[in-house]
Amino acid sequence: MNKPVVLITGAGGQIGSVLTERLRLKWGKENVIASDIRWSPLAKEGSFEILDALDIKRLDDIVITHKVTRIYHLVAILSANGEKDPLRTWDINMNSWLNVLETAKKHQLERVFYPSSIAVFGPHNERVQTPQNSNLNPTTVYGLSKVAGENWATYYNSKFGMDIRSLRFPGLISYQSPAGGGTTDYAVDIFHKAVLSEPFACFLKNDTRLPMLYMDDALRATIELMQVHPTKLNPAISSYNLGGLNFTPKELTSAIQKVIPTFKATYEPDSRQVIADSWPDSINDSDAQNDWNWKPQFDLDKMCVTMIEELKKKYSAQMSDSIAKA
Ligand code: SER
């Protein structure tokens with residue numbers, strides 16, 4: 001098989017910054033082009049293009065110049081930030097996606113990846129082990145845009161014979177880059193406070209259970225899904241449910257305290273609580289398990305140990321850097 005030439009849009013974000021690294025390792029630096037609306041340190045390690053994904057002409061030029069064969073479209077305004085300006089969120093989330101779809105169709109790209117989200121679900125779904133085939137009734141503009149985005153993917157697949165693949169990501173937890181304006185961000189922020197020996201004020205109630213996943217598992221899921229033979233995938237599934245972990249802020253605090261016993265958290269819910277209350281507690285991902293053998297590898301304790309170790313290394317490297325510069 002020829003190696004694909006990959007373009008990642010929104011590569012500077014939480015998923016993109018680590019997915020770019022992973023795909024560069026897999027396919028070679030020369031075959032992975034990171035792009036974002038603003039400069040990112042990814043530019044130091046390989047090909048990088050400034051791209052406003054609302055600019056279809058620029059997108060088209062990049063695809064032609066680099067002979068791109070696959071796109072991972074990671075541009076999006078997430079749930080909490082999205083509510084601050086609903087029409088702008090809709091514009092960016094939908095029109096950037098339609099630009100990618102049109103460009104992929106024009107150049108007959110081999111494959112496209114679209115991240116969907118647990119935000120497609122709403123308060124009327126089964127909350128525990130939310131099934132794949134639920135009625136989708138989201139309450140946020142981000143969720144509305146992801147439902148529409150999934151449907152557009154199915155439309156392009158069936159009408160134009162394209163191969164667009166998608167996952168419904170739960171809250172993603174990573175140490176490499178900050179979370180970007182979502183309702184699940186607390187589960188990243190909490191680790192930074194714990195490692196810095198500071199108390200954490202959580203913006204959700206202590207018993208709000210949400211589906212989550214460690215980034216390493218999310219990346220593996222993405223890479224595995226994109227490699228599966230097309231006949232293994234169910235064309236009736238617009239985006240695969242992806243489960244892994246689920247926990248409450250209190251459970252996460254206790255798991256962190258096993259490693260850092262002095263850590264303390266308080267719970268001060270804000271407007272994000274309403275969004276969290278409309279989402280599932282946990283996800284049924286049996287279709288992903290059956291169709292392409294999805295299996296997460298990180299449980300809560302393993303994730304906490306890894307996050308804390310990695311963040312300690314990161315902060316002590318930053319400290320040595322600033323001492324060296326002083
Ligand atoms: N992490 C996202 C959010 O909170 C969910 O996909 O918006």
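No experiment lies behind these values; they were computed from the predicted model shown.

J.: Is there a simple way to explain the site of the ligand in this structure?
T.: Taken together, the neighbourhood of the ligand is formed by L78, S79, S117, Y142, F169, G182, T183, T184 and W279. Between the ligand and the protein, one listed contact pairs an oxygen atom with a side-chain N or O atom of S79 at 2.6 Å. Between the ligand and T184 there is a distance of 2.8 Å, counted from a nitrogen atom to a side-chain nitrogen or oxygen. For the ligand, whose unbound accessible area comes to 240 Å², protein coverage reaches 93%. Across the shell around the ligand, the residue classes tally to 4 nonpolar, 5 polar and no charged.

J.: Would you mind going over the side chain of T253 with me for this structure?
T.: Inspection of the secondary structure assignment puts T253 in helix 8 (residues 249-259). The exposure class of T253 is buried, given its relative accessible area of 4%. From its side chain, T253 meets the backbone oxygen of P249 in a polar contact 2.8 Å long. When near neighbours in sequence (up to four residues on either side) are disregarded, T253 contacts I190, F263, A265 and Y267.

J.: Just to check I follow, could you spell out the sheet that holds strand 11 (residues 245-247) for this structure?
T.: Neighbouring strands of a sheet are bound in pairs by backbone hydrogen bonds; such pairs are parallel or else antiparallel. Read from one edge of the open sheet, 3 strands run 7-9-11, paired in mixed fashion. Both outer strands of the open sheet, strand 7 (171-173) and strand 11, are each paired with one neighbouring strand and no more. Neighbour-to-neighbour, the strand axes of the sheet open up by a mean angle of 40°, direction not taken into account. One ladder, built from 3 bridges, connects strand 7 with strand 9 (residues 210-214); its direction is parallel. By the bridge assignment for strand 9, I173 is matched with Y214.

J.: Sorry if this is basic, but what is going on with the environment of L204 here?
T.: Note on placement: L204 falls in the loop between strand 8 (200-202) and strand 9. Not counting chain neighbours up to four residues away, the residues in contact with L204 comprise T183, Y186, L210, P249, Y267, E268, P269, R272, Q273 and A276.

J.: I'm lost on the sheet that holds strand 3 (residues 48-50) in this one. Help?
T.: Here 7 strands make up an open sheet; going across it, the order is 3-2-1-4-5-6-10 and the pairing parallel. The sheet is open, and its two borders are formed by strand 3 and strand 10 (240-241), each paired with just one other strand. By the bridge criterion, 3 bridges tie strand 2 (residues 32-36) to strand 3 in an arrangement that is parallel. Within strand 3, the residue paired with S35 across the bridge is E49.

J.: It is not clear to me how a nonpolar patch on the surface should be interpreted in this structure. Could you clarify?
T.: A cluster of nonpolar side chains, contributed by W152, Y155 and F160, occupies part of the molecular surface with about 270 Å² of accessible area. You can see F160 is positioned in helix 5 (residues 141-160).

J.: Is there a simple way to explain helix 7 (residues 215-227) in this structure?
T.: Counting along an α-helix, one turn takes 3.6 residues, and residues three or four places apart therefore face a common direction. Taking 1.5 Å as the rise per residue, helix 7 with 13 residues should run 18 Å; its terminal C-alpha atoms sit 18 Å apart, in good agreement. Burial of helix 7 is extensive: 10 of the 13 residues sit out of reach of the surface. Among the residues of helix 7, M215, D217, A218, L219, R220, A221, T222, I223, L225 and M226 are the ones counted as buried.

J.: Help me out: how do you make sense of the pairing of strand 6 (residues 164-169) in this one?
T.: Consecutive residues of a regular strand have side chains that alternate between opposite faces of the sheet. Burial analysis of strand 6 places 6 of its 6 residues in the buried class, the great majority of the element. Across 6 bridges, strand 5 (residues 111-117) lies against strand 6 in parallel orientation. For S116, the partnering residue across the bridge sits in strand 6 and is R168. One crossover worth recording links strand 5 to the parallel strand 6 by way of helix 5, and it is right-handed. Of the strand pairs in this sheet, strand 6 and strand 10 are connected by 2 bridges, and their pairing is parallel. In the strand pairing of strand 10, L167 is matched with Y240.

J.: It is not clear to me how the environment of P235 should be interpreted in this structure. Could you clarify?
T.: Position of P235 among the secondary structure elements: in the loop between helix 7 and strand 10. Judged by relative accessible area, P235 falls into the exposed class, the value being 73%. Here the alpha-carbon distance between P235 and D163, two residues 72 residues apart in the chain, equals 9.9 Å.

J.: Help me out: how do you make sense of the nonpolar core in this one?
T.: Nonpolar side chains tend to gather and get buried jointly when the protein is soluble and globular. Counting 38 residues, the largest nonpolar core has Y186, F191, F247, L252, I256 and M303 as the members making the most contacts within it. Where this core is concerned, the elements lending two or more residues are helix 5, helix 6 (186-195), strand 8, strand 9, strand 11, helix 8, helix 9 (272-277) and helix 11 (300-325). The biggest single contributor to this core is helix 6, with 6 residues. If we skip the residues at most four places from it in the chain, F191 touches I173, L252, I256, M303, C304, M307, I308 and L311. The next biggest cluster of nonpolar side chains, apart from the first, holds 34 residues, and it includes I8, W27, L233 and A288.

What counts, and where the lines are drawn
Residues numbered from 1 in each chain as written. Predicted model: local features only at pLDDT ≥ 70, side-chain atom pairs only at ≥ 80, totals over all residues. Heavy atoms only, no water. Near = heavy atom within 4 Å. Polar contact = N/O pair within 3.5 Å; in protein donor to acceptor, adjacent residues only side chain to side chain. Areas by Shrake-Rupley, 256 points an atom, 1.4 Å probe, with all protein chains shown as cover. Nonpolar A, V, L, I, M, F, W, Y, C, P; charged D, E, K, R; others polar. Helix = DSSP H or I, 4+ residues; strand = E, 2+ residues; numbered from the N terminus. Buried < 20%, exposed > 50% of the residue type's maximum accessible area, 1.4 Å probe, protein only. Contact = heavy atoms within 4.5 Å. Pairing = 2+ DSSP bridges. Axes fitted to C-alpha atoms, helices over the stretch in contact; angles between N-to-C directions. Patch = residues over 30% accessible without salt bridge, like charges linked within 9 Å, V, L, I, M, F, W, Y side chains within 5 Å. Salt bridge = Lys/Arg side-chain N within 4 Å of Asp/Glu carboxyl O. Expected span 1.5 Å × (residues − 1). Right-handed = clockwise from strand over helix to strand, strands pointing away. Core = buried A, V, L, I, M, F, W, Y, C linked by side-chain atoms within 4.5 Å.

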